[in-house]
Amino acid sequence: MNTEKISKSPIYKLFGSSNNIYIKREDFIPISFGGNKARKALYFFNEIDNGNYDCVVTYGSSSSNHCRIIANMCAMRKMNCFIISPKEIFKETFNSKLMNLFGAEIKQVLVNEVHDTIENKLEDLKKQGKRPYFIQGGGHGNIGTQAYFDCYKEILIFEKKNNISFDYIFHASGTGTTQAGLVCGHLVNKDLKKIIGISIARKNPRGRNVVLDSINEYLAEKEIIIPQNIIEKETIFDDTYICDGYGSQDNDLAEFIKYNMINHSLPLDTTYTGKALWGMNDYIEKNYIKNKNILFIHTGGGPLFFDYLKGYKND
Ligand SMILES: *Cc1c(COP(=O)(O)O)cnc(C)c1O
């Protein structure tokens, strides 16, 4: 499998209003329903496939796209996949069903026991003579950031080919490396784009600080020096569209998702992409943004659309 070749995703014009709105469909990355976790996972598995590992340990909630994709990629390799999942928010979802389908071993523990459970699991596996590879939740860390640094390059190639320049990039921001990679790409390229991460759960200052930490960690590893005040200025993490948190039940958001599926054939979800696109529209309006080229990155989460659909009531 050629990571570089299959991690590309299409960009097309979604609609023109007072701005030209384009979309990059990361949900078309051809691994396990795609999404940003698929792009990151391809990079992690590059390391796994080239290293001496025979199983994977990771963590995430029952609706985690990351865990679904890691479980799928393990199953493709007939590798064991161990997922530690917080009990408090455990519910059956299409992602959790898929994790089961892929034969992942899911262990539910209390949130405050997740850290120790992971440590113990890794320890146990090593004692049994296994060689586990550990992936942080959401594909966090420099490898995840690298995936989105490279995604930024794809965007630049599209711009060049199509003689267009995006003024803004909007996307759902959670554990931070999607945004960190994009911001690093932007900083290294020294262009004028504004990258706006729409928070899907975390409040500021923590949410933004996590993104900043990921940026600094990546730049340090690559020995790229950029003044801190510039990094801070270019890291925009907007926490006004969280609705009622991770896995939102908000009615307006549900209507918005229905509207986009019908009118733009665009599957969104109530945890990530629905909030992000909604947030983008509101941000554009509130800030009187007009006549700009705007790129929305659809970060995936296809199975979550079906969770939404399951809760949909005909009226
Ligand atoms: C995880 C996820 C995000 C957030 O990405 P981070 O890199 O964690 O910030 C956004 N959208 C979808 C669909 C996701 O699964």
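Scroll up to find the structure.
Residues numbered from 1 in each chain as written. Predicted model: local features only at pLDDT ≥ 70, side-chain atom pairs only at ≥ 80, totals over all residues. Heavy atoms only, no water.

A.B. asks: What is the right way to read the pattern of salt bridges from this model?
C.D. replies: Opposite charge on two side chains permits them to pair, given that their charged atoms come into close proximity. Tallied over the full model, the rule gives 15 salt bridges. Put simply, Arg39 and Glu26 hold a salt bridge, and the shortest N to O gap is 2.5 Å. Of this pair, Arg39 sits in helix H2 (residues 36-49) while Glu26 sits in the loop between strand E2 (20-25) and H2, placing them 13 residues apart in sequence. Take Arg39 and Glu26: they sit in the same class, and that class is buried. (Salt bridge = Lys/Arg side-chain N within 4 Å of Asp/Glu carboxyl O. Helix = DSSP H or I, 4+ residues; strand = E, 2+ residues; numbered from the N terminus. Buried < 20%, exposed > 50% of the residue type's maximum accessible area, 1.4 Å probe, protein only.)

A.B. asks: Mind showing me how you'd approach the site of the ligand here?
C.D. replies: The ligand sits among 15 residues. The nearest are Lys37, Gly174, Thr175, Thr178 and Thr299. In the model, an oxygen atom of the ligand is placed 2.6 Å from a nitrogen or oxygen of the Gly174 main chain. With the chains in place, 98% of the 380 Å² that the ligand exposes on its own is no longer accessible. Mapped by element, the contributors of at least two residues to the shell around the ligand are H2, strand E7 (168-173) and helix H7 (177-189). Counting residues per element, the shell around the ligand draws most heavily on H2, which supplies three residues. The class makeup of the residues in the shell around the ligand is two nonpolar, eleven polar and two charged. (Near = heavy atom within 4 Å. Polar contact = N/O pair within 3.5 Å; in protein donor to acceptor, adjacent residues only side chain to side chain. Areas by Shrake-Rupley, 256 points an atom, 1.4 Å probe, with all protein chains shown as cover. Nonpolar A, V, L, I, M, F, W, Y, C, P; charged D, E, K, R; others polar.)

A.B. asks: Any chance you could explain the packing of helix H6 (residues 142-162) against H7 here in plain terms?
C.D. replies: Helix packing geometry: the angle between the two helix axes and the distance between the axes. For the pair H6 and H7, the least separation of the axes is 7 Å and the interaxial angle reads 50°. Here H6 lies oblique to H7, going by the angle between them. In this structure, the crossing between H6 and H7 has a hand that is right-handed. Here Gly144, Thr145, Tyr148, Phe149, Tyr152, Ile155 and Leu156 of H6 come into contact with H7, specifically with Thr177, Thr178, Ala180, Gly181, Leu182, Cys184, Gly185, His186, Val188 and Asn189. Taken together, the residues of the contact of H6 with H7 sort by class into nine nonpolar, eight polar and no charged. (Axes fitted to C-alpha atoms, helices over the stretch in contact; angles between N-to-C directions. Parallel < 35°, antiparallel > 145°, perpendicular 65-115°, else oblique. Left-handed = near helix turned anticlockwise from the far one by under 90°. Contact = heavy atoms within 4.5 Å.)

A.B. asks: I keep staring at the pairing of strand E5 (residues 105-109) and nothing clicks. Help me out?
C.D. replies: Sheet faces and side chains relate simply in a regular strand, where the side chains alternate between the two faces. Of the strand pairs in this sheet, strand E4 (residues 80-86) and E5 are connected by five bridges, and their pairing is parallel. Bridged to Ile84 within E5 is Lys107. (Pairing = 2+ DSSP bridges.)

A.B. asks: Can you walk me through the sheet that holds E4 in this structure?
C.D. replies: Paired through backbone hydrogen bonds, the strands of a sheet run either parallel or antiparallel to each other. The strand order E5-E4-E3-E6 describes an open sheet built from four strands, whose pairing is parallel. Every interior strand has two partners, whereas the edge strands, E5 and strand E6 (132-135), have only one. Along the sheet, successive strands turn relative to each other by an average axial angle of 20°, direction set aside. Relative to E4, strand E3 (residues 55-59) is paired through five bridges, and the arrangement is parallel.

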